Amino acid sequence: MRPSRLLVPVVAAAASLALLAGCTAGGSDTPRGGADATVTVGLVLEPSDLDVRTTSGIALDQVLIDNVYQGLVGRTQDNEIVDVLASEHTISADGLTYTFTLQDGVTFHDGAAMTAADVVWSLQQVADDESLAGHADLASVADVSSPADDTVVLTLTQPDSALLFALTGRAGLVLEQAATNDLSTTANGTGPFTLASWTQGDSLRLERNDDYWGEAAGVAGVVFRYVTDGSAAINATLSGDLDVQTAVDATLASQFDGVDGITVEQGQTTDKYTLAFNNAVAPFTDPRVRQAIRMAVDNDALIAAVGGSAVDQGGPIPELDPGYEDLTDVDAYDPDQAKQLLAEAGHADDLDLTLEYANFYPAAIGDVLTTQLADVGVTLTVQQVDFTTWLNDVLAPPADGGTRDFQLSMVNHAETHDFSNWADPTYYWGYDSAPVQQLYAESLAATDPDVAASKLAEAARIVSEDAPAEWLYTATTLTAVRDGVTGFPTSSTSTRLDLSALAVTE
């Protein structure tokens, strides 16, 4: 089974959020227009280090992948796989051989030509070294070779339908073998932008790579400003300090209503706000209790309470990921049925539960859940704790190898393609389903993408019907964009921001 890999970047990024200082005052210029423009973008999460090989956190992927670093393949904001450093690729009928033809004329930012040897070295390092980000993604790779100067071949021990998508992330990035730069503070990639500067706690600046091997970037530079307070970010946008504001707080978005020159765009994400049950402890060992809690949650009311920028999901796979199916009919809101199930389970009006989640998530989530569960006779105590406490109480395996000590928890599982967590019985929610694990293994082994997706969909329905968690909602993302700025992604913005198409009109 592929080791779980996806919550780590999410929680590390959230940890960075908890540690960041506030953004300093702006002063950015409004885009001048045309190729000389510099666009200032407001972000929330700042990386703690720039080493793309070893530093966890989606904040690093968000600004560096696609813009500074590239791989053989990449992905669009809609999660479609596209060739990047490879001009084309083929997969053998048995799913065991991946052949990539390299683009001509690719150079690194230091001027060195990218060679097949750089690609082989980059991928082989990740495959061999378990300390490097993306190592688990290459578990099926037996060999990386270059039979010709323009060709790289990956040979697998077994089919792995998740491999190509994994290569769009950290596992597939191509670095220069001969480079000696310090990855923690500098970057030497092949992308359309170079890393110009990073002032920790304030901003990170990219500049156009004038020697880029592909189509040149449409702007001279991009400045990412880190603003952790939602109100401060909106004020910075309204004052002109930000040209683009990502992750607009939905409860504050109305401040842009009627403002000339600013448009708020809504996009999709894979941010799954998940109310996890500890399936390894009572009362959650009883499926009737799990189903009852799901039926007690009015997702629409909860979404309204957090500002409305979200959609009901009903299951573990969001719409942007393969295997998605609308599962909102499974254990849908039905408080009367919830009461009946609790009574059958021996918990009529006497069930006390504790929900623990990190204090940078909205308090409104706990407030609404407290009210809704009270309506079916469940007394919910909410504990919002600092992130380190949450890590120790919920995520981290117990030192004695025993059972984790929590009842309910809530976290945003933001990463894409993370169904593997439901096939991992050691993961923090303790869900252990042999049929789900088998279907997930069959999905990985499938050589036909449609078959792989159908296996995931089948497994996801089983998960939803087993009710090991309640999927509160999948967030949509709001992006405020100043007039004249075009080509800025509006979906999946918390994980990737490909700015190769960014432009400013004259």
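**Side note on the packing of aromatic side chains**
Then step 1. Tallying each qualifying case throughout the model produces 16 aromatic pairs.
Then step 2. One Lys or Arg, arginine 53, reaches over the ring of tryptophan 121 and ends 5.6 Å from the middle of that ring.

**Here's the deal with the layout of surface pockets**
Then step 1. Approximately 1200 Å³ is the volume attributed to the largest pocket.
Then step 2. Here the lining of the largest pocket takes 4 residues from helix α1 (residues 7–19), the largest share from any one element.
Then step 3. In the lining of the largest pocket, the residues fall into 26 nonpolar, 15 polar and 3 charged.
Then step 4. Estimates place the volume of the second largest pocket at around 710 Å³.
Then step 5. Residue lining of the second largest pocket: 34 residues in total, with Ser161, Ala162, Pro322, His417 and Pro449 positioned closest to the centre.
Then step 6. If you list the elements that add at least two residues to the lining of the second largest pocket, you get α4 (163–166), α11 (434–445) and α12 (449–466).
Then step 7. A class-by-class count of the residues in the lining of the second largest pocket yields 20 nonpolar, 8 polar and 6 charged.

**Regarding the side chain of glutamine 313**
Then step 1. Relative to the helices and strands, glutamine 313 resides in the loop between β14 (310–311) and α8 (335–344).
Then step 2. For glutamine 313, a relative accessible area of 3% translates into the label buried.
Then step 3. At 2.3 Å, the side chain of glutamine 313 forms a polar contact with the backbone oxygen of glycine 315.
Then step 4. With residues near it in sequence (within four places) discarded, glutamine 313 still touches Lys272, Pro318, Leu327, Thr328, Trp471 and Thr474.

Definitions and cut-offs
- Residues numbered from 1 in each chain as written.
- Predicted model: local features only at pLDDT ≥ 70, side-chain atom pairs only at ≥ 80, totals over all residues.
- Heavy atoms only, no water.
- Phe/Tyr/Trp six-rings, centres within 6.5 Å; stacked < 30°, edge-to-face > 60°.
- Lys NZ or Arg CZ within 6 Å of the ring centre and 35° of its normal.
- 1 Å grid on protein atoms, 1.4 Å probe; cavity = no way out; pocket = protein on both sides within 12 Å on 5 of 7 lines; lining within 4 Å.
- Points joined across faces, edges and corners; volume = space filled by probe spheres on them.
- Helix = DSSP H or I, 4+ residues; strand = E, 2+ residues; numbered from the N terminus.
- Nonpolar A, V, L, I, M, F, W, Y, C, P; charged D, E, K, R; others polar.
- Buried < 20%, exposed > 50% of the residue type's maximum accessible area, 1.4 Å probe, protein only.
- Polar contact = N/O pair within 3.5 Å; in protein donor to acceptor, adjacent residues only side chain to side chain.
- Contact = heavy atoms within 4.5 Å.

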